[in-house]
Amino acid sequence: MRHAAKSATYKPALLKALVRCCRQSDARAIPLISIGREFSKLYWNQTVVYHLRQAASLTKEAEAVKLIRKMAEQSKTREISGLPASAREKLDAKMARLLTINVLAAFHTSKPVDMPMLYEWKPGCDSVRISSSSHAFLIQHAQALELIANFYWAEFLENCNRLAPRIVQKVARDAARRGSLAKYLKILMNETALHCFYCEGLFGEKTPTVDHVIPWSFLLEEGLWDLVLACAKCNGAKSDLLPSRNFIDKLIDRNRKLSTAGISLGISDVEITRLYEAAISVEWPGFWHG
């Protein structure tokens, strides 16, 4: 990994996939479809949830990204667990086929001469062969190898997504797990007006929801400064989209009032504006105007 040319993310992805396949089975022949299935999981969140680019060029997308984005659009789901079984099988099969084109054969290209190969694969074979020593190595050092793969993957992505926050965490996560916002609901109901932040409709007897103004999937953090009360309709319609700029100005004004009330938010108006502009700069897909 240290010697590899950093022209794509396939090598760290393949290293992580091999580690995981070995942890799942003692077999010395690892089916390409099993590796492809791991590729689907590894690239799904980065593409569909976190919207991270996997190529330095704005006009060139990694093939894995194209496959996943197309499948997500066809299936109308943001969670890989939401794919129908037939769609998931199709995606995994396409990922397995992608491995044979420019991934498996290229993995050892930059390997030092005296370093043994991690696996063997011949064109036309539907599995890779892994020696007992390689299998033992991958199992023994699984955690360290995943950390190494995450480091080089994140290092590459930093050049493609210069202003995106928390890239290391986004690479390391297998699923988009959010924390509970229940504790913030009480605070917001006590400290802010009881109407929807977006449409300003009164909640009445309806229980409000808590929404991230700047999407959680971009920030990857929970913070009162970004949370507002919203009606279910607006929350559902906004979903993972960026709000229009007037809502950012409104959020900053709301935060000033919270600060005046003695609530520490730990972020400045300028930082909020820059995070919003950073999301725009990485071409966050879609705006919501309320």
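Look up: the structure comes first, before these words.
Summarised in this report is the structure supplied together with it. (Residues numbered from 1 in each chain as written. Predicted model: local features only at pLDDT ≥ 70, side-chain atom pairs only at ≥ 80, totals over all residues. Heavy atoms only, no water.)

Some remarks on the packing of aromatic side chains
- Under the definition given, this model contains 13 aromatic pairs.
- Between Tyr198 and Phe247, the aromatic rings sit 5.1 Å apart at their centres with planes inclined by 80°, giving edge-to-face as the arrangement. Taken as a pair, Tyr198 in the loop between α8 (182-191) and β3 (209-212) and Phe247 in helix α11 (residues 245-260) lie far apart in primary sequence, 49 residues in all.
- According to the relative accessible area criterion, Phe247 is buried, its value standing at 5%.
- Pairing Phe218 with Trp284 gives two aromatic rings, centres 5.5 Å apart and planes at 80°, and the pair type is edge-to-face. (Phe/Tyr/Trp six-rings, centres within 6.5 Å; stacked < 30°, edge-to-face > 60°. Helix = DSSP H or I, 4+ residues; strand = E, 2+ residues; numbered from the N terminus. Buried < 20%, exposed > 50% of the residue type's maximum accessible area, 1.4 Å probe, protein only.)

As for the state of the cysteines
- Under the defined criterion, the tally for this structure stands at 0 disulfides.
- For the unlinked cysteine Cys21, the closest cysteine sulfur is that of Cys22, found at 7.1 Å.
- Residue Cys21 is classed as buried on the basis of its relative accessible area of 5%.
- Considering cysteine sulfurs only, Cys199 is the nearest to Cys196, which forms no disulfide, with 3.7 Å between them.
- Owing to a relative accessible area of 0%, Cys196 belongs among the buried residues under this scheme. (Disulfide = S-S within 2.5 Å.)

Quick notes on helix α5 (residues 132-140)
- Looking at α5, one finds that the buried residues are Ser134, His135 and Leu138. The buried residues of α5 all sit within an arc of 100° when viewed along its axis, so they share a single face. Across α5 from its buried face, at more than 90 degrees, point the exposed residues Ser133 and Gln140.
- Packing partners of the buried residues in α5 comprise α1 (10-24) and α6 (142-160). (Arc of directions from axis to C-beta. Contact = heavy atoms within 4.5 Å.)

Concerning the nonpolar core
- In terms of nonpolar packing, the biggest core is built from 93 residues, with Ile35, Phe39, Tyr198 and Ile214 touching the most fellow members.
- For Tyr198, the residues in contact, after removing those within four places along its chain, are Asp211, His212, Val213, Val228, Ala230, Cys234, Lys238, Phe247, Lys250 and Trp288. (Core = buried A, V, L, I, M, F, W, Y, C linked by side-chain atoms within 4.5 Å.)

Observations concerning the pattern of salt bridges
- One pass over the structure, following the stated rule, counts 16 salt bridges.
- In this structure, Asp240 and Arg78 form a salt bridge, with 3.0 Å as the shortest nitrogen-oxygen distance. Of this pair, Asp240 sits in the loop between α10 (232-238) and β5 (242-243) while Arg78 is found in the loop between α3 (63-75) and α4 (85-102), placing the two residues 162 residues apart along the sequence.
- By relative accessible area, Asp240 is classed as buried at 9%.
- Residue Arg166 pairs with Glu221 through a salt bridge whose shortest N-O separation is 3.3 Å. Taken as a pair, Arg166 in the loop between α6 and α7 (167-172) and Glu221 in the loop between α9 (216-219) and β4 (227-230) lie far apart in primary sequence, 55 residues in all.
- Take Arg166: its relative accessible area is 34%, and that puts it in the partly exposed class.
- What makes Glu221 partly exposed here is its relative accessible area of 23%. (Salt bridge = Lys/Arg side-chain N within 4 Å of Asp/Glu carboxyl O.)

Structural notes on the side chain of His51
- Tracing the sequence through the fold places His51 in the loop between α2 (32-49) and α3.
- Residue His51 is classed as buried on the basis of its relative accessible area of 19%.
- Polar side-chain contacts of His51 include one of 3.5 Å to the backbone oxygen of Val48.
- Ignoring sequence-local partners within four residues, the contact set of His51 consists of Asn45, Gln46, Asn161, Asp240, Trp284 and Pro285. (Polar contact = N/O pair within 3.5 Å; in protein donor to acceptor, adjacent residues only side chain to side chain.)

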